[in-house]
Amino acid sequence: MACPFNSVKLFDSHCHLQWHEDQDPVPARLQRAKDAGVAACICVGVDIPSSKRACKLSTQHEMVYSSVGLHPNDLPENRVELEEQLSLVQELSQDPSCIAIGETGLDFFRDQSDPDLQRESFRRHLEIASDVDLPVIIHCRDAYPEAAQLLENFGAPISGVMHCWSSGPDHVQAFLDLGLHISFAGNASYPKSEELRESARIVPSSRILIETDAPFLSPQPKRGKRNEPAYIRHTLDCLAETRSVSAEELAQTTWTNSMSLFGLK
Ligand SMILES: [Zn+2]
Ligand SMILES: [Zn+2]
């Protein structure tokens, strides 16, 4: 795949390189990403082993940054175990490669984890992020009004991103008002996702990010294949068209926003 631009770099703000390492080694995937113009990505943890692996991959590959956290659908069974795992998240957040806390949040679409435990875990991730002064990567599904309320009740200012935005434009403003960024993934490129594209139209250019959420949610031209960071350009193209800007301009905007939100130079 040829690099789409000469001078602009792409930032995949959310992927899970830890998946399928035995079938598709990370160096090969990163090479394909580089060939497609991707110059940085955040490898996101969803539990303790994947958070540790994200930190390790980050130390091995210059273009990879890491985030550590417990996905709302991957929580332990009870509060005692949650506490133990949260102290490990806090410990891992000290890793020099770690640039964000998460993914955390609320997911009431799949009810694998107890909603009260999800709320508790989300609040505790916000506390950790605030303690260690890192932005939060927030996962939200079928829980937008409640997530906004929980963030507002938290009180302290929060910097972070609503990753893989999966709702219509009505919910966007509440999160912009909280100071958060909004990130769009491959599902925004599906023919039926007009609501997501309407959301993408109203996010100010200072707050928009893009991501693959690989290996999930391959963008439209790659649907049916396993997603990877190299495919982010398809989501970029779709969002650029949606927002009536050039792909180069949106690549530059989302690069600058990612670097600034995650405190990178
Ligand atoms: Zn997620
Ligand atoms: Zn994810």
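You'll find the structure just up there.
Note that the coordinates shown come from a computational prediction; the quantities given were computed from them, not determined experimentally.

Conventions and cut-offs
Residues numbered from 1 in each chain as written. Chains lettered and ligands numbered in written order. Predicted model: local features only at pLDDT ≥ 70, side-chain atom pairs only at ≥ 80, totals over all residues. Heavy atoms only, no water. Donors = N, O, S within 2.8 Å, 3.2 Å for Na, K, Ca; no water. Tetrahedral: all angles 85-135°; square planar, octahedral: opposite > 155°, others 65-115°. Helix = DSSP H or I, 4+ residues; strand = E, 2+ residues; numbered from the N terminus. Expected span 1.5 Å × (residues − 1). Buried < 20%, exposed > 50% of the residue type's maximum accessible area, 1.4 Å probe, protein only. Arc of directions from axis to C-beta. Polar contact = N/O pair within 3.5 Å; in protein donor to acceptor, adjacent residues only side chain to side chain. 1 Å grid on protein atoms, 1.4 Å probe; cavity = no way out; pocket = protein on both sides within 12 Å on 5 of 7 lines; lining within 4 Å. Points joined across faces, edges and corners; volume = space filled by probe spheres on them. Nonpolar A, V, L, I, M, F, W, Y, C, P; charged D, E, K, R; others polar. Core = buried A, V, L, I, M, F, W, Y, C linked by side-chain atoms within 4.5 Å. Contact = heavy atoms within 4.5 Å. Phe/Tyr/Trp six-rings, centres within 6.5 Å; stacked < 30°, edge-to-face > 60°. Pairing = 2+ DSSP bridges. Axes fitted to C-alpha atoms, helices over the stretch in contact; angles between N-to-C directions.

Undergrad: What is the right way to read the coordination of the zinc ion (ligand 2) from this model?
TA: Under ideal tetrahedral coordination, the four donors around a metal are separated by 109.5 degrees; under ideal octahedral coordination, the six donors are separated by 90 or 180 degrees. Every protein donor of the zinc ion (ligand 2) is accounted for by His14 (NE2), His16 (NE2), Glu103 (OE) and Asp213 (OD), and the metal-donor separations fall at 2.0 to 2.7 Å. The coordination sphere of the zinc ion (ligand 2) comprises 4 donor atoms, whose angles at the metal cover 85 to 176°; the geometry is irregular. All donors of the zinc ion (ligand 2) belong to a single chain; written as a sequence motif, their spacing is H-x1-H-x86-E-x109-D. Between the zinc ion (ligand 2) and the zinc ion (ligand 1), the interatomic distance is 3.4 Å, and Glu103 donates to each metal, bridging them.

Undergrad: Which parts of the structure should I look at to understand the coordination of the zinc ion (ligand 1)?
TA: Those donors, Glu103 (OE), His139 (ND1) and His163 (NE2), are the protein atoms that reach the zinc ion (ligand 1), and they lie 2.0 to 2.1 Å from it. For the zinc ion (ligand 1), the single-chain donor residues occur in sequence as E-x35-H-x23-H.

Undergrad: Which parts of the structure should I look at to understand helix H3 (residues 79–92)?
TA: The periodicity of an α-helix, 3.6 residues per turn, causes residues three or four positions apart to be oriented the same way. Its 14 residues give H3 an end-to-end C-alpha distance of 20 Å, which sits within 8% of 20 Å, the value for a rise of 1.5 Å per residue. For H3, every residue scored as buried is listed here: Leu82, Leu86, Val89 and Leu92. Along the long axis of H3, the arc covered by the buried residues comes to 115°, so they all point the same way. Seen from the buried face of H3, the exposed residues on the opposite side, beyond 90 degrees, are Val80 and Glu91. The backbone nitrogen of Val80 lies 3.2 Å from a side-chain oxygen of the residue at the head of H3, namely Asn78.

Undergrad: I'm lost on the layout of surface pockets in this one. Help?
TA: Any empty space left between atoms is shown by rolling a water-sized probe over those atoms. Each pocket or cavity is described by its volume, and for the largest pocket that value is around 530 Å³. Considering the residues around the largest pocket, the lining is formed by 26 residues, among which Asp107, Arg110, His139, Arg141 and Asp213 are closest to the centre. The set of elements that each furnish at least two residues to the lining of the largest pocket consists of strand S4 (98–107) and strand S5 (136–141). Per element, the largest residue contribution to the lining of the largest pocket is 3 residues, and it comes from S5. Taken together, the residues of the lining of the largest pocket sort by class into 9 nonpolar, 10 polar and 7 charged.

Undergrad: I'm lost on the nonpolar core in this one. Help?
TA: One recurring pattern in soluble globular proteins: nonpolar side chains tend to sit buried together. Leu17, Met162, Trp165, Phe175 and Phe184 are the most contacted members of the largest nonpolar core, which has 64 residues in total. Contact partners of Met162, with chain neighbours within four places excluded, come to Ile138, Cys140, Tyr144, Phe175, Leu180, His181, Ile182 and Ser183. Judged by nonpolar contacts, the second largest core, of 14 residues, contains Ile42, Ile137, Val161 and Leu264.

Undergrad: Which parts of the structure should I look at to understand the packing of aromatic side chains?
TA: Each pair of aromatic rings is reported with the distance of its centres and the angle of its planes. Inspection of every chain in the model, using the stated rule, returns 6 aromatic pairs. Considering the side-chain rings of Trp19 and Phe216, the 6.4 Å spacing of their centres and the 80° angle between planes classify their relative orientation as edge-to-face. Of this pair, Trp19 sits in the loop between strand S1 (10–15) and helix H1 (26–35) while Phe216 sits in the loop between strand S8 (208–210) and helix H8 (232–242); the two residues are 197 residues apart in sequence, bridging distant segments of the chain. For Trp19, a relative accessible area of 25% translates into the label partly exposed.

Undergrad: Please clarify how the environment of Glu194 should be interpreted in this entry.
TA: One can find Glu194 in helix H7 (residues 194–202). Separated by 149 residues in the primary sequence, Glu194 and Gly45 place their C-alpha atoms 29 Å from one another.

Undergrad: Would you mind going over empty space enclosed by the protein with me for this structure?
TA: Taken as a whole and assessed by the stated rule, the structure comprises 1 cavity of 30 Å³ or more. Of the volumes computed, that of the largest cavity is approximately 50 Å³. Taken together, His16, Trp19, His20, Asp24, Arg29, Ala214, Pro215, Arg226, Asn227, Glu228 and Pro229 make up the full set of residues lining the largest cavity. Here the lining of the largest cavity is built from residues that sort into 4 nonpolar, 3 polar and 4 charged.

Undergrad: So what exactly am I meant to see when it comes to the sheet that holds strand S6 (residues 160–162) here?
TA: Read across the open sheet, the 8 strands follow the order S1-S2-S3-S4-S5-S6-S7-S8; overall the sheet is parallel. Bordering the open sheet on either side are S1 and S8, each of which pairs with just one other strand. Each adjacent strand pair in this sheet contributes to an overall mean axis angle of 30°, direction not counted. By the bridge criterion, 4 bridges tie S1 to strand S2 (residues 38–44) in an arrangement that is parallel. Opposite Phe11, over in S2, you have Ala40 as the bridge partner. Its contacts with the sheet place helix H4 (residues 115–132) against S4 and S5, and it is angled at close to 160° to S4. Against the sheet, H8 contacts S1, S2, strand S7 (181–184) and S8, and its axis sits at roughly 110° relative to S1.

These figures come from the coordinates and say nothing about function on their own.
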